[in-house]
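# Structural characterization, general
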Amino acid sequence: MSKIKPSKGAPYARILGVGGYRPTRVVPNEVILETIDSSDEWIRSRSGIETRHWASDEETVAAMSIEASGKAIADAGISAEQIGGVIVSTVSHFKQTPAVATEIAHKLGTDKAAAFDISAGCAGFGYGLTLAKGMVVEGSAEYVLVIGVERLSDLTDLEDRATAFLFGDGAGAVVVGPSKEPAIGPTVWGSEGDKSETIKQTVAWDQYDSSTDKFPAITQEGQAVFRWAVFEMAKVAKEALDVAGITADELDVFIPHQANERIIDSMVKTLKLPESVTVARDVRTTGNTSAASIPLAMERLLATGEAKSGDTALVIGFGAGLVYAATVVTLP
């Protein structure tokens, strides 16, 4: 018989607060067209993107995260000292170690919170949310801060016609805490590593030669990614609804990764979502912010009143790896 005592966590977990930060500089398509042969009409028709935000030198991964986190903590109605875990999903923090989560935890004023980074690309927020839920239910933390943050402008090749217009910067954060009823459904997640070359960094850091190579950037096989996202991720989204015991008709909000509006439209059609479902389209003015895109879109929907507290939302992230994560949540 085991001598280990059972954990004393909460029966369930929920998102208690959300916050976002978008850099002050707004970059219209006209700026992108200075370095690629394209048009504003082509960019909008291919992606839906009209503008994106690019960070200044002062708007670091840590600084943007702290701004978004402060809003999420205030929205949750708790103090930073109550945070027991800080999970940061990012691919654009360029220090291998220490984790940027430790800096964020300290500057927020948490009391020795567990803090770590994860690298799961555009599915990173879903991965972090799942880990946070486990921590709250297991009892290792009462409140966990989940942050998705990117400075993808640092990893964008402005001469690459396929990707130059896609990426933006920003940070989104949520506080996950105890709940008396289910408010974060089971996560459907996974990876398809055989397709990892479809989205990748152009040059590995240990192979980068600054005298001959362009600075490493993100590149992708657009058509392959589009087909995978539309057909395979719609199946994952449907499975997430099924395991949560929710039908499309019972859904209030759909918050997919803000990669491309054509992908979003195709998923809505494949899932046969009714017109009553509010669909996040933050990609139009924020671009693709990878791990930050879902919490940023969630924050905007709640701030504008397009979604409201207590709504049932399906969230799904997918990207480099190829990795994915989908779950149904109750909005804070």
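Right above here is the structure, for reference.
Each chain carries its own residue numbering, running from 1 in the written order of its sequence. In keeping with the predicted nature of the model, local features appear solely for residues at pLDDT of at least 70, side-chain atom pairs appear and are counted solely at 80 or more, and the whole-chain, interface and lining totals rest on all residues. Excluded from the side-chain calculation are hydrogens and water; included are all heavy atoms of the structure.

## Quick word on the packing of helix α3 (residues 61-76) against helix α4 (residues 100-108)
Worth spelling out the cut-off: Lines fitted to C-alpha atoms define the axes here, with helix axes fitted over just the stretch in contact, and angles between the N-to-C directions of these axes take values from 0 to 180 degrees. Where helices and strands are cited, they refer to DSSP runs of H or I of at least four residues and of E of at least two residues respectively, numbered from the N terminus. For classification purposes, angles smaller than 35 degrees are called roughly parallel, those larger than 145 roughly antiparallel, those between 65 and 115 roughly perpendicular, and all remaining angles oblique. For a crossing to be left-handed, the near helix must be turned anticlockwise from the far one by less than a right angle; the clockwise case is right-handed. For this analysis, residues touch if any pair of their heavy atoms sits within 4.5 Å. Asp, Glu, Lys and Arg are counted as charged, while Ala, Val, Leu, Ile, Met, Phe, Trp, Tyr, Cys and Pro are counted as nonpolar; the rest, among them Gly, fall into the polar class.
Taken N-terminus to C-terminus, the directions of α3 and α4 make an angle of 50°; their axes are 10 Å apart at the nearest point. Here α3 lies oblique to α4, going by the angle between them. The crossing of α3 and α4 is right-handed. Residues V61, A62, S65, I66, S69, G70 and I73 of α3 form the contact with α4, whose own contacting residues are V100, E103, I104, K107 and L108. Looking at the contact of α3 with α4, its residues break down into seven nonpolar, three polar and two charged.

## A short note on unusual backbone geometry
Peptide bonds are mostly trans, and most non-glycine residues show a negative phi. Here the residue pair T97 and P98 is connected by a cis peptide bond, since its omega of 0° sits within 30 degrees of zero. Here G321 and L322 are connected by a cis peptide whose omega angle stands at -15°. Take L322: it is sitting in the loop between β13 (312-319) and β14 (323-330). Phi is positive for K272, which is not a glycine, with a value near 55°. Secondary-structure assignment places K272 in the loop between α7 (261-271) and β12 (278-279). Despite not being glycine, S290 shows a phi value in the positive range, around 50°. Within the secondary structure, S290 is located in the loop between α8 (283-286) and α9 (293-304).

## Some words on the nonpolar core
Worth spelling out the cut-off: Residues grouped as a nonpolar core are buried Ala, Val, Leu, Ile, Met, Phe, Trp, Tyr and Cys residues, joined through side-chain atoms within 4.5 Å. Exposure classes here rest on a 1.4 Å probe applied to the protein chains alone. A residue is buried below 20% of its type maximum, exposed above 50%, and partly exposed in between.
If you look at the biggest cluster of nonpolar residues, it comprises 45 residues, and the most contacted ones within it are F254, L314, I316 and F318. Breaking this core down by element, the ones donating at least two residues are α6 (222-244), α7, β13 and β14. With ten residues, the single largest contributor to this core is α6. Setting aside residues no more than four positions away along its own chain, L314 makes contact with A237, A240, L241, L251, V253, F254, I255, L271, T327 and V328. One finds A13, V144, M298 and A325 within the second-largest nonpolar core, a separate group that totals 34 residues.

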